[in-house]
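Descriptive analysis of the structure
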Amino acid sequence: MRPLLSTALLLGVVALPAFARAQEPASTAALVSRALEAEGAGKNRDAIAQWRSAIAAGAVVPGVLGLERVFSLLAQEDSILVVIDTLIPRFPREMQLRSVKLRSLVTLARSADADAAFDQWRADAPKDVAPYREYARVLLFNSRPAKADTVLRLAAESLGNTRPLVLEIAQMRSALGLWKESAEAWREAMANEPYYELATVFSLTPTPAASRDAVRAELAAPGASVGAVQALAFLEVAWGSPRSGWRVLSTRPATDTTIAIWRQFADEVERAHAWPTARDALVAIHTARPDASTALRGASAALAADDAPTALRLARAAAPALDSAKRLTEVLPIELEALARLGAAREAERVLAAAAPAIGPDGVRLQARTIAWAWIRAGDIPRARAALKDAPLAAEDAVAGWLALFEGDLAAARLALRNTEAPGQDAVSALALLNRTKATKSAAIGTAFLSLARADSVQATRRFEAAAMELPDAAALLLSIAARIETARHNDDRALPLWQRVAAEHATAPEAPEAYLEWARGLKRRGDVAGARLRLEHLIITYPGSALVHQARRELDALRTGAVE
Amino acid sequence: MKASRIARLTLALALCSPTARAQHLLLPMDDAQVNHLKAYGVTFGALKEGVRSEWLLNYRGGAFLIPDMPSVRRAAALAGVTVELADANAVAAMRREISEGNMDAVPLEKAPRIAVYTPPDAPPWDDAVTLALAYAGIEYAKIWDDDVLGAGLAQYDWVHLHHEDFTGQQNKLFLGFRDAPWFVQARERDLATARRHGFADIPTLKKQVADRLRAFVERGGFLFAMCGATETLELAVAGRAVDIAGPYSDGSPMDPDADAKLDWSKTFAVQGAHLEQAGGVNAMSDIDGHQVNVPSRRQPLGTFTLFGFSAKFDPVATMLVQDHRTVLADYYGVTTSFNRKSLKPGVTVLAHEEGAPWVKYMHGSYGQGSWTYLGGHDPEDPQHNIGAPPTDLALHPNSPGYRLILNNVLFPAAKKKPLKT
C-alpha cells in the first residue's frame with residue numbers, strides 16, 4: 001500500500017476508535033473493537049460485517065475507514081462508494097467521508113466522478129478549505145500534480161486566500177518542477193510551523209542544479225525562519241555541497257536551538273563522509289558547549305579531513321574530561337596519528353613513552369607503525385626503520401612498501417604496496433609508476449616520493465622531473481605527476497611547460513590526452529581561447545578512443561558558445 | 001542489407017589509415033548515429049565551405065551524403081558525429097535502393113542565411129531554435145524590430161520566430177508579471193522602439209513587424225515559427241486593421257466586434273479563429289488546442305505522430321519530417337498545438353495527435369515562399385516554465401524533437417526540383 005494512504009489508515013486505526021470510545025456508548029466501542037480484531041486476524045468478510053454494524057451503531061468514521069481498508073485489501077475499492085453515498089446525506093459535514101470518496105474515485109481512475117464529488121463538496125461547503133486541500137492531496141499522492149494545480153488555483157479564485165493550502169501548494173509546485181515557487185511556499189509554511197523542514201528537504205532535494213540558486217535565495221531570504229535555514233543546510237548536503245550548508249548555519253547565534261540543529265547537521269555530514277564540514281560543525285559545537293565526546297568526534301573528523309593540527313588540539317582538549325582508560329584508548333591513538341601526520345616524530349615518541357607504563361609493551365608495539373610514519377614525514381628513514389625494530393612488519397605491509405619505495409627499492413615496494421589500506425593520490429601515483437616501469441631500483445624515484453610524503457611539493461616536482469630522465473619507460477607518467485602537482489598548486493608557469501613536454505615528447509603515452517586537456521585548460525585560463533581550442537581539437541582527433549574525448553568536446557563547445565563550464 | 005553495402009569503418013580507423021579513402025561520407029541518421037543534432041551542423045558546415053551534399057530522404061532516418069573531404073571528416077570527428085565511408089559501389093547500391101523505394105536523394109546546394117528574431121539581450125537558452133543552432137554549431141544572426149522594419153530581412157533566406165507576441169500584449173504576462181524587472185524592461189524596450197518608428201503603442205508596432213514578416217515570405221523567404229509566435233503572427237496579420245489588444249497594452253479596450261472584423265485573407269495557416277476577449281484569461285484565441293495557461297481549459301499532453309510523405313512527389317514535407325522516431329512525446333508552450341477546425345484548406349499537416357482535434361506541426365506555401373509552424377516551446381522540457389533552467393542539449397544529442405527544428409534549418413538549402421504533381 002502506498003505510504004500516504006497507509007499513514008491515513010494507520011491514523012484511522014489508532015486515533016479514531018479512541019475517539020469513538022470516548023464519545024459513543026460502550027456497545028459501539030465493543031463493535032469497533034471486534035471489527036479491529038477480525039481485521040487484525042485477516043478475517044476480512046467478518047470484518048466487513050463488524051464494521052457495518054459499528055457504522056449502524058454510530059461509529060461512522062472509524063467504520064468507514066475500516067471498510068475502506070478491508071475493501072482495499074480485497075481489491076473491491078468501489079464497494080466503499082455505495083456505503084459513502086448513503087452516509088454523506090446523513091452526515092454532510094463529515095470531512096472524512098468526503099475524503100474517502102475522493103480517494104476511492106481517484107484510485108479507481110474515475111476522474112469525472114471525482115470532479116463531481118469535489119464540486120458537490122465545494123457547493124455544500126463554499127467557504128471551507130477542506131475540499132480543496134483533500135482533493136489536492138489525493139491528486140498529488142496519485143502523481144497528478146497538474147490536476148492538483150488546477151484545484152489549488154480554483155481554491156485561490158473561490159476562497160481569495162491560499163494560506164491554509166500552502167503545504168499542498170508547495171508539494172504541487174515541486175511535483176511540477178516549479179522549484180523556486182515551491183521553495184517560496186515551503187518558506188511560508190515554515191514561518192509558523194518550522195517542523196516541516198524534513199518535508200521541505202524531501203520535496204526540494206530533486207531540484208536540478210540550474211534551479212538551486214533560486215531555491216537558496218528563497219529559503220535564505222531575510223526573515224526566513226529557523227526551519228527554512230535548517231532545510232536549506234540539509235538540502236546543500238543532499239546536493240553534494242555540505243560546506244555551503246554549514247555556511248548557512250554557522251552564522252546563526254549559538255543558542256540552544258541553533259546548537260541542537262548543528263548537532264543534527266554534524267550527524268548528517270558525518271553520514272555523508274563530508275569530513276571537513278563535520279570538523280567545522282563539531283568545532284563550533286565544542287566551542288559553544290565544550291564536552292569531551294564532541295571534541296573526540298571533532299578530532300576524528302579533522303583527521304579524516306587531513307587536518308592534523310585541529311585533530312591534535314581537539315584530542316588534547318578532550319583529555320582532561322576523560323578518565324585514564326579512555327584517554328589511553330580514545331585520545332592517545334588520535335594524538336599520535338596527528339603528530340605523525342605533522343611530522344612531529346620526537347613529540348610522538350615522547351607522548352608514547354609517557355603512556356608506555358599504562359599501555360605496556362604490546363600497546364607500544366601497536367603504535368610502532370604510526371611512529372615510523374612520523375619519522376617518514378620528518379624525512380628520517382633510518383629512524384623510521386628504528387621505530388619498527390621491536391615491531392617488525394610483514395613483507396607485504398604497506399608501511400614496509402612505502403619505506404622500500406622511499407629507499408628506491410622498487411621491487412620490494414611493488415610487492416608490499418599492493419596492500420596499501422587507504423589509497424590516496426600518492427598511493428595511486430606510486431602504484432601506477434610501479435606498474436609502468438620495469439626497473440627494480442631507483443634512488444631518484446625514492447627521493448621524489450619522499451618529498452611528496454613530506455608535503456614538500458616544490459622539491460617533489462623537481463625530483464619527479466629529474467626521475468623522468470632516469471626511467472625512460474615511465475618518463476611520461478613521472479612528468480605528469482610533476483605537472484599534476486603544479487596544476488594543483490595553481491602554478492601554470494611551471495605546470496604548462498610540463499604538460500607540453502608530455503604532449504610533445506610522449507605523444508603515444510597514456511598520459512598524452514590528459515596533457516592536451518590540461519594544456520588547453522591552462523591556455524584558457526590565460527585567455528588564449530584559440531590556443532585552447534587547437535589543443536582540444538588535437539585531443540579529439542588524435543585520441544578518439546580516450547575517455548577524455550567527451551569532456552574535451554564539452555569544453556570545446558563551451559569555448560565556442562562562451563558558456564561557463 | 002543496405003548497411004552491409006557500406007564500408008562500416010569507424011572514423012578513427014579512417015583517420016589513422018591513409019589508405020582508407022572513400023569517395024563519400026555517409027552520416028547515418030537512424031539509431032546508428034551517435035549525435036543526430038551535430039550531424040546537421042556538420043552538413044551545414046560542409047555547405048558553408050561550398051561542398052555540395054545530398055539529403056537521402058527516408059534512407060536510414062534521413063541520412064546525409066557528403067563528398068569525402070578532410071575538412072568534413074575533421075568536423076565530424078570533433079563533433080562526435082558517426083560517419084560511414086562509402087565508396088563508389090556502396091553509393092551506387094544506395095542510389096539503387098533509393099530509386100526502388102519511397103526515398104529520394106535531394107541535393108543540398110548552399111547554406112541558407114539564417115536569422116533569428118529575438119531581442120538583442122536574449123540568452124540562447126530562451127529559445128529552442130537558438131539552443132539547437134548553437135549546439136549544432138550552425139551560424140545565425142539575431143534580428144529584432146529595427147531590422148525587420150528596415151531592410152534587414154532581405155539579407156536572409158530563413159527567419160525563425162519563437163515566442164514573441166505579435167499582438168503586442170506580451171503574451172498577456174501583464175496579468176502575473178507586471179512588476180517583474182524583466183517584464184518592465186521588455187515593455188520599456190518595445191515602447192521605445194515603437195516611438196522611434198512613429199507608432200503610438202506596442203500592438204501597432206508588432207502588427208507592423210508581423211506584416212513585414214508576412215511580406216518576407218510572400219517574396220520567397222522561409223519562415224519557421226514555434227510556440228506563441230505562430231498563433232500571434234496569424235492574429236496580428238488578421239487583425240491588422242482592428243484593435244485586438246487589451247487595455248493594458250494600448251490603453252484602449254479590444255474592439256468589441258474584433259472577432260467579426262478579423263481579415264483572414266492574408267494569413268498563412270489559420271482562418272475563422274476566435275479571439276479570447278477576456279483580459280483576465282491568459283489565452284490569445286482558440287487556435288491553440290492545449291491552452292496551457294488557462295487551468296480550466298488546459299489539456300493534458302499526449303504524443304504526436306509524424307506523417308509519412310512520398311519522398312519523390314512531396315520532397316519538402318518529407319524533408320521536414322525526417323526523423324529516427326515517428327511518435328514523439330508532446331510538450332507545452334504558450335501555443336502548444338493548432339486546432340484543426342481553424343486551419344486553411346491548403347495547409348499540409350506534418351504531425352498530429354492521434355484522435356485529438358489539434359495538430360502539432362504544419363507547413364504551407366505562401367506567395368513565393370513557405371512557412372512552417374511547430375507548436376510548443378522546448379521538445380526536451382515538456383512543462384517549460386518561466387525561469388526554468390536551460391536545456392543542456394549535450395544530454396539530448398539524439399533528440400527527435402530537436403531534429404524537427406533542424407530539418408527546417410536545412411531544408412532551404414535543398415535545390416528546388418520541378419514539382420511532379
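Note that this is a predicted model, so its numbers are computed, not measured. (Residues numbered from 1 in each chain as written. Chains lettered and ligands numbered in written order. Predicted model: local features only at pLDDT ≥ 70, side-chain atom pairs only at ≥ 80, totals over all residues.)

Considerations on the overall build of chain A
Note the threshold: Numbering of helices and strands runs from the N terminus; a helix is a DSSP stretch of H or I covering at least four residues, while a strand is a stretch of E covering at least two. Exposed residues have 12 or fewer other C-beta atoms within 10 Å of their own C-beta, buried residues have 20 or more, and residues in between are partly exposed; the C-beta atoms are placed from the backbone. Contacts here follow a simple rule: the backbone-placed C-beta atoms of the two residues must lie within 7 Å.
The number of helices and strands found in chain A is 33 helices and 0 strands. For chain A, the proportion of its 565 residues judged to be buried stands at 45%. Within chain A, contacts between residues separated by at least 24 positions form 46% of all contacts whose residues are at least 6 apart in sequence.

Concerning the overall build of chain B
What chain B contains, in helices and strands, is 14 helices and 15 strands. Taking all 421 residues of chain B together, 52% fall into the buried category.

Looking at the confidence of the model for chain A
Residue and element names in this part refer to chain A. Applied cut-off: For every residue, the predictor states its confidence as a pLDDT score lying anywhere from 0 to 100.
When pLDDT is averaged along chain A, the result is 87, and 93% of the positions lie at 70 or above. Element-level mean pLDDT values for chain A span from 36 in helix α1 (residues 3–23) up to 97 in helix α31 (residues 512–525). Throughout residues 1–24 the model reports pLDDT below 50, and contacts reaching past four residues in sequence, or to other chains, amount to 22 contacts.

As for the interface of chain B and chain A
Rule in force here: Amino acid classes used here: Ala, Val, Leu, Ile, Met, Phe, Trp, Tyr, Cys and Pro are nonpolar; Asp, Glu, Lys and Arg are charged; the rest, including Gly, are polar.
Each side of the interface is counted separately: chain B has 16 residues, and chain A has 22 residues. Listing elements by their share of the side of chain B that touches chain A, those giving two or more residues are α1 (11–16) and α3 (70–79) of chain B. With 3 residues, the top contributor of residues to the side of chain B that touches chain A is α3(B). Class assignment of the residues belonging to the side of chain B that touches chain A gives a composition of 9 nonpolar, 5 polar and 2 charged.

Some details on the sheet that holds strand β2 (residues 53–57) of chain B
Residues and elements named next belong to chain B. Cut-off, in case you're wondering: Strand pairing requires that DSSP identify at least two bridges connecting the strands. The angle between two axes is taken between their N-to-C directions and runs from 0 to 180 degrees, where each axis is a line fitted to C-alpha atoms and a helix contributes only its stretch in contact.
Judged by pairing direction, the sheet is antiparallel, and its 5 strands sit side by side in the order β4-β1-β3-β2-β5 without closing on themselves. Unpaired on one side and paired on the other, β4 (84–86) and β5 (104–108) mark the two borders of the sheet. Mean inter-strand twist for the sheet, computed between neighbouring axes without regard to direction, equals 30°. Pairing geometry for β2 and β5, over 5 bridges, is antiparallel. In the sheet register, Leu56 faces β5, and the bridge partner there is Ala105.

Notes on the packing of helix α27 (residues 443–453) of chain A against helix α28 (residues 457–470) of chain A
Residue and element names in this part refer to chain A. Defined as follows: Angle categories: roughly parallel below 35 degrees, roughly antiparallel above 145, roughly perpendicular from 65 to 115, and oblique for all the rest. Handedness of a crossing follows from how the near helix is turned relative to the far one, being left-handed for an anticlockwise turn of less than a right angle and right-handed for a clockwise one.
Look at α27 against α28: their axes get within 8 Å of each other, and the N-to-C directions meet at 160°. In terms of orientation, α27 lies roughly antiparallel with respect to α28. Crossing angle aside, the handedness with which α27 passes α28 is left-handed. Across from Ala444, Ile445, Thr447, Ala448, Ser451 and Leu452 in α27, the residues of α28 making contact are Gln459, Ala460, Arg463, Phe464, Ala466, Ala467 and Glu470.

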